[in-house]
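Observations on the three-dimensional arrangement
Residues per chain, in single letters:
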Amino acid sequence: MIDVENDMRAGILSDALPYIQKYTNKVIVVKYGGNAMTNEQLKQDVMSDIVLLSTVGMKIVLVHGGGPEINAMLNKVGKESKFVNGLRYTDEETVNIVQMVLCGKVNKDLVEKLYQHKGKAIGLCGIDGHMIEAKQLNPDLGLVGEITKINTDIINDTLNSGYIPVISTVASSEDGKVYNINADTAAARIAAEMKAESLILMTDIVGLLRDKDDESTLIPTVGVSEVPYLKKQNIISGGMIPKIDCCVEAVRRGVKQANIIDGRIPHSILIELLTNEGAGTMIV
């Protein structure tokens, strides 16, 4: 008698095979943040998924933010978090805290969690090997950087040595000034420079919605040429604008597809990469 549960598992693995073959030896850049980063069970799920994808031959590059942890540390030292047009205002004291929290605690915690799931990972930040070089984006934002160059050598060396690079998005200028970089922007530029097969941005929403109050109106696929129209219709608005813009920029620079997925759903990365349904909204 066939065990139905085992039969289902075999079917799932069989269905996933074409997708595993499609992405084997291809670069997948995952921007990790939002609720999936603060919910402990979701965090374990994401780390497990990344190790699985790496184990079956995908070259996973994990780029992370850490907004809640930065806010918590700023609160501890009695410093108020300020945002200008959705970006954190960053003075000298704040950039030191960002560097300490992102490159230190958050980055190394993720490396350790990957190790607990039998993964091999190395924690890096944009300053290492001048991986991410930047200049000041806007004086009104303080030490928030605009990326001027991505040096992929250190990322490729890490991947070719069999490790998952875990990258925190702090950058430096040619003269050694440290800048805070938006993690979505950094992930998109890294994906472009790596000629990635896919960019995945994990968020706290299901994807792009025609009606922002109705999750059943999810738009599964958006062409780059459709984006200006959707902005005019106010379908792409608010916090979704910079995320879509990052995806569009990545696709224009050669990334095959960019995906905005709901990090609140367990194993959403596996659903996106290894099933026909996918998850969230794909920009092509």
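Structure first, text after, so check above.
Read on for an overview of the structure. (Residues numbered from 1 in each chain as written. Predicted model: local features only at pLDDT ≥ 70, side-chain atom pairs only at ≥ 80, totals over all residues. Heavy atoms only, no water.)

1. A few points about the overall build of the chain
A tally of helices and strands in the chain yields 10 helices and 14 strands. For a compact globule of 284 residues, the expected C-alpha radius of gyration is about 19 Å, and the chain comes in at 19 Å, within 12% of that figure. With respect to the principal axes defined by its C-alpha atoms, the chain has extents near 65 × 45 × 35 Å. Per-residue burial for the chain yields a buried fraction of 49% across its 284 residues. Taking the contacts inside the chain whose residues are at least 6 apart along the sequence as the reference set, 71% of them involve residues at least 24 apart. Counting every atom, the chain has about 13700 Å² of accessible surface; 51% of that belongs to carbon and sulfur. (Helix = DSSP H or I, 4+ residues; strand = E, 2+ residues; numbered from the N terminus. Rg over C-alpha atoms; globule rule 2.2 N^0.38 Å. Buried < 20%, exposed > 50% of the residue type's maximum accessible area, 1.4 Å probe, protein only. Contact = heavy atoms within 4.5 Å. Areas by Shrake-Rupley, 256 points an atom, 1.4 Å probe, with all protein chains shown as cover.)

2. Brief notes about unusual backbone geometry
In the Ramachandran plot, Lys-195 falls in the positive-phi region, its phi being about 50 degrees despite a non-glycine side chain. Its location among the elements puts Lys-195 in the loop between helix 7 (183–193) and strand 11 (198–203). What makes Lys-195 exposed here is its relative accessible area of 57%. The phi angle at His-267 is positive, at roughly 60 degrees, despite the residue not being glycine. Topologically, His-267 is positioned in the loop between strand 13 (257–262) and helix 10 (268–274).

3. So, the packing of aromatic side chains
Summed over all chains, the structure comprises 0 aromatic pairs. Seen from the ring of Tyr-163, Lys-120 lies directly overhead, with NZ or CZ sitting 4.5 Å from the centre. (Phe/Tyr/Trp six-rings, centres within 6.5 Å; stacked < 30°, edge-to-face > 60°. Lys NZ or Arg CZ within 6 Å of the ring centre and 35° of its normal.)

4. Observations concerning the sheet that holds strand 5 (residues 121–125)
Either a parallel or an antiparallel arrangement is found when strands of a sheet pair, and the pairing is made through backbone hydrogen bonds. Strands sit in the order 5-8-2-1-11-13-14-12 across an open sheet of 8 strands; the sheet is mixed. For this open sheet the edge positions go to strand 5 and strand 12 (221–222), each flanked by a neighbour on one side alone. Bridging between strand 13 and strand 14 (residues 281–283) involves 3 bridges; their strand directions are antiparallel. Residue Ile-260 lies in a different strand from strand 14, and its bridge partner there is Thr-281. Where helix 7 meets the sheet, its contacts fall on strand 1 (27–32), strand 2 (59–64), strand 8 (164–168) and strand 11, and the angle it forms with strand 1 comes to roughly 175 degrees. Across the sheet, helix 9 (residues 240–252) lies against strand 1, strand 11, strand 13 and strand 14, angled at about 150 degrees from strand 13, the strand it touches most. (Pairing = 2+ DSSP bridges. Axes fitted to C-alpha atoms, helices over the stretch in contact; angles between N-to-C directions.)

5. Concerning the packing of helix 4 (residues 67–76) against helix 5 (residues 92–116)
At a minimum axis distance of 10 Å, the contact between helix 4 and helix 5 shows a crossing angle of 125 degrees. Taken together, the axes of helix 4 and helix 5 lie oblique to each other. Considering only the axes of helix 4 and helix 5, their crossing is right-handed. Residues Glu-69, Ile-70, Met-73 and Leu-74 of helix 4 pack against Thr-94, Ile-97, Val-98, Met-100, Val-101, Leu-102 and Val-106 of helix 5. Of the residues contributing to the contact of helix 4 with helix 5, the split by class is 9 nonpolar, 1 polar and 1 charged. (Parallel < 35°, antiparallel > 145°, perpendicular 65-115°, else oblique. Left-handed = near helix turned anticlockwise from the far one by under 90°. Nonpolar A, V, L, I, M, F, W, Y, C, P; charged D, E, K, R; others polar.)

6. Topic: the side chain of Ser-198
Within the secondary structure, Ser-198 is located in strand 11. In terms of polar contacts, Ser-198 uses its side chain to reach the side chain of Asn-259, at 2.9 Å. Those residues in contact with Ser-198, other than ones at most four positions away along the chain, are Val-27, Ile-28, Val-29, Val-255, Gln-257, Asn-259 and Leu-273. (Polar contact = N/O pair within 3.5 Å; in protein donor to acceptor, adjacent residues only side chain to side chain.)

7. Let's talk about the nonpolar core
Grouped together as the largest cluster of nonpolar side chains are 89 residues, with contacts concentrated most on Val-29, Ile-190, Leu-199 and Ile-269. If you tally residues by element for this core, the top one is helix 5, at 10 residues. When near neighbours in sequence (up to four residues on either side) are disregarded, Ile-190 contacts Val-29, Val-61, Val-63, Ile-132, Ile-150, Ile-155 and Ile-167. (Core = buried A, V, L, I, M, F, W, Y, C linked by side-chain atoms within 4.5 Å.)

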